[in-house]
Amino acid sequence: MAHFAKLDENNVVIEVHVVENKYAETETEGIAFLQGIFNYSNWKKTSYNTVNGVHRLGGTPFRKNFAGVGFIYDASRDAFIKPKLEDSTTYVFNEDKCGWERPHTPPDDGNLYVWDEAVYQSDNSKGWVLFE
């Protein structure tokens, strides 16, 4: 099966559709098939197996991320970019993954941590606090 993202006029994903491979041997064929059904022209193929710039099955990553509603297609990167999870200025853009991340990774000690914006704002070397 092939997957295609339907994009609005700002290249924001508004839907994702599945097309049988026999109608989408190439991206161009898949788009033509969808245009014939929906009479809509702005489509891009997306890979179900690509997440954070990595193909989950070891194949070649395609457009950095599987498109989801609200993702943005960036033509200059030829990539689907994940939206920020919340309105926070502390997220940084990871070019390799084409996604937004916290400026620090949580500790890897088996405990559960949550991000605390106030802690980060008071000391930019911190931000993750133990979840209690």
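In case you missed it, the structure is sitting above this.
Residues numbered from 1 in each chain as written. Predicted model: local features only at pLDDT ≥ 70, side-chain atom pairs only at ≥ 80, totals over all residues. Heavy atoms only, no water.

### A look at the packing of aromatic side chains
Then comes step 1: Within the structure shown, the criterion is met by 8 aromatic pairs.
Then comes step 2: The interplanar angle of 40 degrees and the centroid separation of 5.4 Å between the aromatic rings of Trp-115 and Tyr-120 together place this pair among those described as tilted.
Then comes step 3: With 5.2 Å between their ring centres and 75 degrees between their planes, Trp-115 and Trp-128 make a pair best called edge-to-face. With Trp-115 in strand β10 (residues 113–115) and Trp-128 in strand β11 (residues 128–130), the pair connects residues that are 13 residues apart, well separated along the chain.
Then comes step 4: Classification of Trp-115 as buried rests on a relative accessible area of 14%.
Then comes step 5: Across from the ring centre of Tyr-40, 4.6 Å away, lies the NZ or CZ of Lys-6, which sits over that ring. (Phe/Tyr/Trp six-rings, centres within 6.5 Å; stacked < 30°, edge-to-face > 60°. Helix = DSSP H or I, 4+ residues; strand = E, 2+ residues; numbered from the N terminus. Buried < 20%, exposed > 50% of the residue type's maximum accessible area, 1.4 Å probe, protein only. Lys NZ or Arg CZ within 6 Å of the ring centre and 35° of its normal.)

### Regarding the pairing of strand β1 (residues 2–7)
Then comes step 1: Among the 6 residues that make up β1, 6 are buried, leaving the element largely enclosed by the rest of the structure.
Then comes step 2: Residues Ala-2, Phe-4 and Lys-6 of β1 are buried on one face, and the alternating residues His-3, Ala-5 and Leu-7, pointing to the opposite face, are buried as well.
Then comes step 3: Relative to strand β2 (residues 13–19), β1 runs antiparallel, the two sharing 6 bridges. Counterpart to His-3 in the pairing with β2 is Val-18.
Then comes step 4: Between β1 and β2, which follow one another and run antiparallel, lie 5 residues, and Asn-11 among them has a positive phi close to 65 degrees. (Pairing = 2+ DSSP bridges.)

### Some words on the environment of Gly-30
Then comes step 1: Mapped onto the fold, Gly-30 is located in helix α1 (residues 27–38).
Then comes step 2: Judged by its relative accessible area of 0%, Gly-30 falls in the buried class.
Then comes step 3: For Gly-30 and Phe-93, which are 63 residues apart along the polypeptide, the C-alpha to C-alpha distance reads 31 Å.
Then comes step 4: If we skip the residues at most four places from it in the chain, Gly-30 touches Phe-4, Tyr-23 and Ala-24. (Contact = heavy atoms within 4.5 Å.)

Coordinates in, geometry out; function isn't part of it.
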